[in-house]
Amino acid sequence: MDNAELITTAERLERVAADLLNAEAVAADTEFFWERTFYPVLGLVQLATAEGCWLVDTVSLRDLRALGPVLASPSVVKILHDAPQDLGILARATGAAPRAVFDTRLAAGFAGLESTCSLQSLLRETVDVEISKAETRSNWLQRPLSASQLRYAADDVIHLVRVREILLARCSSNTVRDWLDEELARFDDPAAYQERDPRQMYLRVKGGARLGARPLAVLRELAEWREHEARARDWPRAHVLPDDLLVALALRAPADRKGYSDVQGLPRNIPDAIVSDLLAAVARGAALPDGECPAPAESPDFASKRALKPKSDRLLANLAAACAQHGIDPALAASRAEADDYVWRLSQGSADGHPLTRGWRKNLITDFAP
């Protein structure tokens, strides 16, 4: 590669990181493997400024803390496309919470483009560059990396500084740029990069939303156990125990090994210690006082959804019209599910806490009458 340097030593990484602290903006991306582990396995970190491009070999360099001050600097803008996943990976790898982030996918929606656009289409639209995606499913842990892989990795970052300038110029007004800044500020919240509370993981179990209070209490204990187990073993959650089996255990709430054996689909070759852990988790949930069980999720029934659909349709139409006036993508304001939830909450008496009740989104719906 003539225009990208592959960094394989800690000393060189430290020097480059020190120089990047003086940059106005640094583009960043990651390449990783994530199939059989709880945490992604980094293969490469790409960095670029207007002056150069660096590819950090994270197979050779496991310690990336030298990049932490760059990631956390409020004076160095970090430019990424579809930033959340990469930011989470970089935060864990460097031990630093990101600050001053510019997400080009998000910004595209405020600049008259689709907020769901791919990097390939964004580069084509803004800088008239066509990049190859031939290495999208490449093995980023193999060494040596091929010339094609290195080119692909560099292409993901070398244009982003210019893209940021173009997107900012395309925002239709200072008001829209302020709204963009409001959205980007969410990336500065350190809580976004902390591991999820294991106690709350039951809320993410597929099928859990239909359970009553007592099965939910059991599911909470089971999901918390699974989360700790998955992190400790560095296994995907489903490799520990898939969602459907967690729900089955929560519904049956077996009190002993015979009851455990009666639950269809549960593996029979699980070690005794694991079975004991599962039964203990079930017992904790089953013994919880009624008043301490989690409340079942509130949601509209089918008839309510159908009755509220005209109001939800009108809300989306009003949002689309308001967004068109400002040249922004309506998808940024609210999805169909978010609009339905907002209208339903209003019908219940209050929509407090809903995204449409805060910030720039609230400004867009000031004329909406429920």
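Here's what I pulled together on the structure shown here.

Conventions and cut-offs
Residues numbered from 1 in each chain as written. Predicted model: local features only at pLDDT ≥ 70, side-chain atom pairs only at ≥ 80, totals over all residues. Heavy atoms only, no water. Phe/Tyr/Trp six-rings, centres within 6.5 Å; stacked < 30°, edge-to-face > 60°. Buried < 20%, exposed > 50% of the residue type's maximum accessible area, 1.4 Å probe, protein only. Pairing = 2+ DSSP bridges. Helix = DSSP H or I, 4+ residues; strand = E, 2+ residues; numbered from the N terminus. Axes fitted to C-alpha atoms, helices over the stretch in contact; angles between N-to-C directions. Contact = heavy atoms within 4.5 Å. Core = buried A, V, L, I, M, F, W, Y, C linked by side-chain atoms within 4.5 Å. Salt bridge = Lys/Arg side-chain N within 4 Å of Asp/Glu carboxyl O.

**Structural notes on the packing of aromatic side chains**
- Summed over the entire model, instances satisfying the criterion amount to five aromatic pairs.
- Where Phe38 meets Tyr39, the ring centres are 4.8 Å apart and the plane angle is 75°; that geometry is what we call edge-to-face. Tyr39 carries the same exposure label as Phe38, and that label is buried.
- Every member of this aromatic cluster is reached through a ring pair, and the members are Phe110, Trp179 and Trp360.

**Considering the sheet that holds strand β5 (residues 77-80)**
- With mixed pairing, the six strands of this open sheet are ordered in space as β1-β4-β3-β2-β5-β6. On the outer flanks of this sheet lie β1 (5-7) and β6 (101-103), each paired with one strand and no other. If you compare each strand with its neighbour and ignore which way they point, the axes differ by 25° on average.
- Of the strand pairs in this sheet, strand β2 (residues 25-33) and strand β3 (residues 41-48) are connected by seven bridges, and their pairing is antiparallel. Bridging from a neighbouring strand, Thr30 pairs with Val45 of β3.
- Of the strands in this sheet, β2, β3, β5 and β6 are in contact with helix α3 (residues 83-94), which crosses β2 at around 85°.

**As for the nonpolar core**
- Ranked by internal contacts, the top residues of the largest apolar core, which has 85 residues, are Leu47, Phe102, Phe110 and Leu167.
- Ranked by size, the runner-up nonpolar core spans 31 residues in total, among them Leu222, Ala223, Val263 and Val282.

**Here's the deal with the pattern of salt bridges**
- Counted according to the given criterion, the structure contains 28 salt bridges.
- Asp243 serves as the salt-bridge partner of Arg226, at 2.9 Å between the closest nitrogen and oxygen. Of this pair, Arg226 sits in helix α9 (residues 213-233) while Asp243 is found in helix α11 (residues 243-252), placing the two residues 17 residues apart along the sequence.
- The buried category is assigned to Arg226, whose relative accessible area is 5%.
- Overall, the relative accessible area of 22% leaves Asp243 in the partly exposed class.

**Observations concerning the environment of Lys309**
- Following the sequence through the fold, Lys309 ends up in helix α14 (residues 302-326).
- Residue class for Lys309 comes out partly exposed when judged on its relative accessible area of 42%.
- Spatially, the C-alpha atom of Lys309 lies 9.5 Å from that of Trp344, the residues being 35 residues apart in sequence.

**Quick word on the pairing of β2**
- Of all nine residues in β2, seven are buried; the element is thus mostly enclosed.
- The sheet contact formed by β2 and β5 spans three bridges and is parallel. When the bridges of β5 are listed, Ala27 appears paired with Ile79.

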